[in-house]
Amino acid sequence: MAGMLALGVLVSGTGSNLQAILDAVAEKRLDARVAVVVSNVAGAGGLERARTAGVETVVVDHKAYADRRAFDAALVEVLRARGVEVVVLAGFMRLVTDVLLGAFPMRVVNVHPSLLPAFPGVHSQKQAFDYGVRVAGCTVHLVDGGTDTGPILAQAAVAVEEGDDEESLRLRILAREHELLPRVLQWMAEGRVTVEAVAGGRARVRVRAS
Ligand code: GRF
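Residues numbered from 1 in each chain as written. Predicted model: local features only at pLDDT ≥ 70, side-chain atom pairs only at ≥ 80, totals over all residues. Heavy atoms only, no water.

Draft legend 1. Geometry of the side chain of Ser-114. The residue Ser-114 is located in the loop between strand S5 (108-112) and helix H5 (124-131) in this model. A distance of 2.6 Å separates a polar atom in the side chain of Ser-114 from the backbone oxygen of Ala-118. In contact with Ser-114, other than residues within four places in its own chain, are Phe-119, Ser-124, Gly-137, Cys-138 and Thr-139. (Helix = DSSP H or I, 4+ residues; strand = E, 2+ residues; numbered from the N terminus. Polar contact = N/O pair within 3.5 Å; in protein donor to acceptor, adjacent residues only side chain to side chain. Contact = heavy atoms within 4.5 Å.)

Here's what the structure looks like:
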């Protein structure tokens, strides 16, 4: 598997986005390998998905650390020891610090269930539904020091239908996340993603055509 992009996937919950990555790898749509799946929650469903796929799992309980930076240092140790090149936050419900971001500069990817910069933070689908937007969606972005603020890699829009409720909207957005995240990781595996600084200091992503 030499030459394959080594991914470290961090999960706190169900792990359906992790599953989308594992499926894309198995189906050779993604030239990567999942080197390790790490969770801060021992019972996270994502861990079981990883085990089923034969991927190593590690639990790092955030409650065992004095603060976020100490927790991140433990994550970095686990990820580095497995040769991870790109870290994927796939429903990872912890804010990360400069300790993780500094160890993997512009190599930490997050999937977020809204069209950023609208509705950052938690319960984004409910926020969008309650606001009454007609178009919702998801964003895959590089993580920076803010909450859901980093340079955008890709977005997908979904229409909000009459008769939708929060749950039906959540599921329609989630289905798009499952398509978008592996596709973006494949761009990274192909070396097509570069980051450039633009006026105002805000980083911007450039995706070269294949
Ligand atoms: C997804 O909606 C993701 O965008 C958000 O958390 C959810 C994780 O779902 N960050 P899953 O664990 O991948 O099923």
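Draft legend 2. Quick look at helix H2 (residues 45-52). Turning to H2, its buried residues number three or more, namely Gly-46, Leu-47 and Ala-50. Down the axis of H2, the smallest arc covering the buried residues is 105°, so these residues share one side. Those residues of H2 that are buried lie in contact with strand S1 (5-11), helix H1 (16-26), strand S2 (32-39) and strand S3 (57-59). Phi for Gly-54, located one or two positions after H2, is positive at around 75°. (Buried < 20%, exposed > 50% of the residue type's maximum accessible area, 1.4 Å probe, protein only. Arc of directions from axis to C-beta.)

Draft legend 3. Representation of the pattern of salt bridges in the model. As enumerated under the stated definition, the model contains 13 salt bridges in all. A salt bridge links Asp-130 to Lys-126; the shortest N-O distance between them is 2.6 Å. Taken together, the residues span about one helical turn, with Asp-130 and Lys-126 both in helix H5 at a distance of four residues. Assessed through its relative accessible area of 49%, Asp-130 is described here as partly exposed. Taking the relative accessible area as the measure of exposure, Lys-126 reaches 39% and is therefore partly exposed. (Salt bridge = Lys/Arg side-chain N within 4 Å of Asp/Glu carboxyl O.)

Draft legend 4. The site of the ligand, seen in detail. What surrounds the ligand is the set Thr-14, Gly-15, Ser-16, Asn-17, Gly-91, Val-111, His-112, Pro-113, Gln-125, Leu-174 and Glu-177. Within the backbone of Asn-17, a nitrogen or oxygen atom sits 2.8 Å from an oxygen atom of the ligand. Take Val-111: an N or O atom from its main chain is 3.2 Å from a nitrogen atom of the ligand. At the level of secondary structure, the elements contributing two or more residues to the shell around the ligand comprise H1, S5 and helix H6 (166-189). Within the shell around the ligand, the residues separate by chemical class into three nonpolar, seven polar and one charged. (Near = heavy atom within 4 Å. Nonpolar A, V, L, I, M, F, W, Y, C, P; charged D, E, K, R; others polar.)

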